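So the chains spell out like this:
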Amino acid sequence: MSAKNFRVAIVQYRASGEIAENTEKACAFIREAAERQADMVLFPECFLTTYEFPEVCQELPPLEELRKEPSFQAWRDAALGEEDAHLARIASLAEELRIGVTITAFSKGKNFPQNSAWVIGRDGSKLLKYSKVHTCDFSLERYLESGDHFPVCTFDGIKLGVMICYDREYPESARELMLAGAEIILVPNDCGSMVPRLRELSVRAMENMVGIAMANPPGKNMGRSCAYDPMVWGEDGEGIDNEKLAADERFEGIVCADFDMEAIREYRAQEDLGKYRKTGAYRRL
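Residues numbered from 1 in each chain as written. Predicted model: local features only at pLDDT ≥ 70, side-chain atom pairs only at ≥ 80, totals over all residues. Heavy atoms only, no water.

An unreviewed UniProt entry lists the protein under the name Carbon-nitrogen hydrolase family protein, with Candidatus Limivivens intestinipullorum given as the organism.

Asker: Mind laying out the overall build of the protein, listing which residues take part and the relevant values?
Answerer: Regarding its fold elements, the protein presents 6 helices and 12 strands. For 285 residues, the compact-globule estimate of 2.2 N^0.38 gives 19 Å, and the protein sits close to it at 19 Å. For the protein, the spread of C-alpha atoms along the principal axes amounts to about 65 × 50 × 35 Å. The buried share of the protein, reckoned over its 285 residues, is 53%. A sequence separation of at least 24 residues applies to 69% of the contacts in the protein between residues at least 6 apart. (Helix = DSSP H or I, 4+ residues; strand = E, 2+ residues; numbered from the N terminus. Rg over C-alpha atoms; globule rule 2.2 N^0.38 Å. Buried < 20%, exposed > 50% of the residue type's maximum accessible area, 1.4 Å probe, protein only. Contact = heavy atoms within 4.5 Å.)

Asker: Go over the packing of aromatic side chains with me, naming the residues and quoting the values.
Answerer: Under the counting rule described, the total for this entry stands at 16 aromatic pairs. When the centroid spacing of 5.4 Å and the interplanar angle of 45° are considered together, the rings of Phe 72 and Trp 75 count as tilted. Residue Phe 72 and its partner Trp 75 are located together in helix 2 (residues 70-77), separated by 3 residues, close to a single helical turn. Trp 75 gets classed as buried once you look at its relative accessible area, which sits at 12%. Aromatic pair Tyr 130 and Phe 150: ring centres 5.5 Å apart, planes at 25°, arrangement stacked. Of this pair, Tyr 130 sits in strand 5 (residues 126-131) while Phe 150 is found in the loop between strand 5 and strand 6 (152-155), placing the two residues 20 residues apart along the sequence. (Phe/Tyr/Trp six-rings, centres within 6.5 Å; stacked < 30°, edge-to-face > 60°.)

Put into C-alpha cells, the structure is as follows:
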C-alpha cells in the first residue's frame, strides 16, 4: 500500500473458547492480515475474553447481591490487567510483523470489569486504551464500569479513535472523536439487527467527515462487518454512496477496507459538515 492509503483488516469471527484459545486465533488472524498487507487489524467486541457474563447475572439481580457470589467474583477477577500475558503476546506479534492491532477484552476497572479495546502500534506499544462509555445498562452491561472519555491516538500519521458497539447509537460518541481530531473511527461490535445499525454508521461517517470500520461476529442477522468513507458528495456535487464494504452476515474470516487518506483529507478541507456548529444553542448537551 502507498503511504496515502490505510488498509484495515476487519475480522468477522466469533471467539468462543478459553482466553488461550482465543489468543491463538487472534494471532492467526493477525498473521493473515499481515500477509494481506494490512496496516491495522480490527477485532469484534471482547474477542479475547469473549462477551460472556456469569449465569448468576442472567436474571439481572441487584449488584449488591452479586458482590460476594463466587462465580461473579471469578468473572470479575478474570478481566485482563495491563500486564496480561495474552495482551503481551498480541503486542509482541504486532511488533514482529510490523502491523497495528485493535484487540478487545473485558479489562480490570477500579472495582468491576470494563469493556475495552487497545490500539497497538507497529512497535508493539499500546497507543490507546478505550473503555466503552455507553454500556448497555438496560441489560448485563449494568455490571460493568463505563469509560469516561473518548481518546484519540496517532498511527502512521493518522488520527484514530474507537467506539464500541452501543456507543454507535449515541451521536455524541463519534462527534467527540471528531472534535478530538479523529480521521478514522474503529468500531468493535457484537450485536444483531444490523441493517439499521449500518445506516447509523453511514451517517456517523458523513456527519463527522470520518472513515469508519466496524467488526461484528457472524451469525443470523449479525455479521455485516463494514466500512464507510466520509465522502457523500462527488466532484460535481452529486450524492454518492459512502459504503466501502459490507460482509455477508454468516461469513467467517477477514475482509479488507482501504481508506484513501489523501482523498479523505481533501474532502474534509473543502466540506463544511461540523465546521459551523452553533454551540450556544445546544443548551441540553
